[in-house]
Amino acid sequence: MKKSVLRAALLGVSALGLAAVSAPASAAGVSACLITKTDTNPFFVKMKEGATAKAKELGVDLKSYAGKIDGDSESQVAAIESCIADGAKGILITASDTAGIVPTLKKARDAGMLVIALDTPLEPADAADATFATDNLLAGELIGKWAAATLGDKAKDAKIAFLDLTPSQPTVDVLRDQGFMKGFGIDTKDINKIGDEDDPRIVGHDVTNGNEEGGRQAMENLLQKDPSINVVHTINEPAAAGAYQALKAVGMENNVLIVSVDGGCPGVKNVEAGVIGATSQQYPLQMAALGIEAIKKFADTGEKPSPTEGKTFVDTGVNLVTAKPAPGVESIDVKEGLAKCWG
Amino acid sequence: MSEASANARQPQEFEKALSGSDTAVANFEVSERSGLEKVQHFLHASPAAVPLIVLVASLLVFAVIIGGRFFSAFSMTLILQQVAIVGFVGAAQTLVILTAGIDLSVGAIMVLSSVVMGQFTFRYGLPAPLAILCGFAVGAACGWLNGFLVARMRLPPFIVTLGTWQIVLAANFLYSANETIRAQEIEAQAPILQFFGQSVRLGSAVFTYGVITMVVLVLILWYVLNHTAWGRHVYAVGDDPEAAELSGVNVSRMLISVYVLAGLICALAGWALIGRIGSVSPTSGQFANIESITAVVIGGVSLFGGRGSILGMLFGALIVGVFSLALRLIGTDPQWTYLLIGTLIIAAVAVDQWIRKVAG
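These numbers were taken from a predicted model, which means no experiment stands behind them.

### What about the packing of helix 3 (residues 73-86) of chain A against helix 4 (residues 102-110) of chain A?
Residue and element names in this part refer to chain A.
Logical step 1: Where helix 3 meets helix 4, the closest approach of the two axes is 10 Å, and the angle between their N-to-C directions is 10°. By the angle between their directions, the pair helix 3 and helix 4 is classed as roughly parallel. Within the contact between the two elements, helix 3 uses V77, I80, C83 and I84 and helix 4 uses T104, L105, K107 and A108.
Logical step 2: Across the contact of helix 3 with helix 4, the residue classes tally to 6 nonpolar, 1 polar and 1 charged.

Laid out in structure tokens, this is it:
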């Protein structure tokens, strides 16, 4: 490991030397790297699609890398090393290990590259030159507000189940979970922590690993805890689909409001079918396309992207998709959601 | 001739010493067993006893701590539903481990089979029953590949299935493009894919077809392993392949048949998985290999092959299910479940080593 770092660093230095000599000759030959968590998740597939299309349009040479599974940081480190060695101008990365990857990314920045975190902020967030992401807190807030508005007066007696991601509470999980509470009108206490709330409307939290199987099991567990659940917050749409199956098995699917985040095509279709009440749609294609533009601009002018007004990152937008708009909550309809969906 | 037989009735001179010797049949018992040795021998003779005792004990303890919310017909049958998939895959894993092998590809084969069943129906418009058969064929083919590499190429099972795990999983993602087929579409167009999701209710107890099939499958395999020639050969091959070969067992054909059967069971698990989650999802079942090995090990099946009961595997899977649900109802951090299951695994292997001393 150490050896390969050293070798990559050496290669990087020599490649940079070469690049320094040849760079002034022409602005052409800008190359960039896209490093995603996996290349199987439709979210990242769409991200790659967006980056590839934009790179082609701008004449940027794009190389894509991915971890084998979610959480595979080792492969991402190797990918960054390759990019440094390759003399790329910038890196777009969705980090699997948001803190652990920082030292390696620092090497890339030291080598003069622009580092942009896509979708997942690093820890600390300023370890990247910029972050292009969905406002996950807002995404959670939108579905929370929608659920509260839809229930109306009954919101004060709601029984809410939270189907979260993994036990380690990754930032995206915390933001969506706490965002929902904020939107619904629950005191979040420490907004950086799940589980310190004492609102009696919360039945409990369970983890789903973000898939159908986990969603179903978590829903079953929480129903055992309290069968009167009538609102379910889910980390993403596959977890929501799993939760729906669990509710259906006990004949409760029509009495419970399920909300989710993502906006993938199967998820939006589930909104259309009434499985999911509302979902906050995010835009991976946009993140990647903006990222490539930023790298191109940086290569041409040396200018780094600046964050959205009032936020610490560049907000790539989020919309609430629902077939039943609630008063006071802005949303788009299913048709528009389907036109913008990914995966 | 008659003279000879007359002589035979009378002991000859040199045989007289026999009358004074011990008449007992050859016996390996050298001395009286102590209490602990008796336990050791009992556990050696009935390998499913330890997990059964642990299962019953944990049920009782949690029933006392949590009460009716946990110890109800609904909760008990819910645990069965939650472990059904692991039970299927664990059955396949047990067969392989009994031959002193290991199969890391079980989960991947399961998912690929379910994806084939779904995609063949929806992408190519095949009738669903035919697509299901194709799924079984894929499962069997994957199993055959494992078996062929282990038995004919003589590669270690761990390495072979480490490889096929990656290959099958990658094939799954490449083929499916990670596309989920939604539950509503399956319900409308090919409900037979969700067959195992249907259920029978007895009062508040819910038995899905998946659960019933899993339990029946385990019972059938238990009978086959204990009361048929094929089953005894599985144990023989795992215990000592050379001795089995010398006794006339075609070891490599046995191994291939075991891996193919394991592949078929995984395909069945894939079908049951569609019933469980409603949809066809290429990302599910990622940890089924580890979960099945966990069930097998906690179930007291020896990783060295040739010893253990498939019923133990089912108890092992249920122990994990009981701990997961009970700890969640108590409201602990999910990490405690993993910590306790880890402890159980090590304890189970330690007990196995101790029991093995009887044989050694």
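Having seen it, we continue.
### Some thoughts on the pairing of strand 3 (residues 90-93) of chain A
Residues and elements named next belong to chain A.
Logical step 1: Residues G90 and L92 point to one face of strand 3 and I91 and I93 to the other, with burial holding for every one of them.
Logical step 2: Pairing of strand 1 (residues 31-36) with strand 3 involves 4 bridges; the strand directions are parallel. Bridge assignment links A32 to a residue of strand 3, and that residue is G90.
Logical step 3: Bridge count between strand 3 and strand 4 (residues 114-118): 4 bridges; the pairing is parallel. Bridge pairing in strand 4 links L92 to I116.
Logical step 4: Note that the unit made of strand 3, helix 4 and strand 4 has a crossover that is right-handed.

### Brief notes about the environment of D164(A)
Residue and element names in this part refer to chain A.
Logical step 1: Within the fold, D164 resides in strand 6 (residues 160-164).
Logical step 2: Given 26 C-beta atoms within 10 Å, D164 falls into the buried group.
Logical step 3: Discounting residues that sit within four places of it in the chain, D164 has contacts with D173, D177, I194, H205, V207, T208 and I235.

About the thresholds
Throughout this description, residue numbers start from 1 for each chain and increase along the sequence as written. Lettering of chains starts at A and numbering of ligands starts at 1, both following the order in which they are written. This being a predicted model, a pLDDT of at least 70 is required before a residue's local features are given, and a value of 80 or more before pairs of side-chain atoms are given or counted; all residues contribute to the totals for chains, interfaces and linings. Here an axis means a line fitted to C-alpha atoms, over the contact stretch when the element is a helix, while the angle between two N-to-C directions is reported on a 0 to 180 degree scale. Here a helix means four or more residues in a row that DSSP labels H or I, a strand means two or more in a row labelled E, and each is numbered from the N terminus. Any angle between 65 and 115 degrees counts as roughly perpendicular, while under 35 counts as roughly parallel, over 145 as roughly antiparallel, and the rest as oblique. For the purpose of contact definition, each residue receives a C-beta atom placed from its backbone, and two residues are in contact when these atoms lie within 7 Å. Classes in brief: Ala, Val, Leu, Ile, Met, Phe, Trp, Tyr, Cys and Pro nonpolar; Asp, Glu, Lys and Arg charged; the others, Gly included, polar. Exposed residues have 12 or fewer other C-beta atoms within 10 Å of their own C-beta, buried residues have 20 or more, and partly exposed residues fall in between, where C-beta atoms are placed from the backbone. Here, a strand pair is defined by DSSP locating no fewer than two bridges between the strands. When the strands point away from the viewer, a crossover counts as right-handed if the path from the first strand over the helix to the second runs clockwise.

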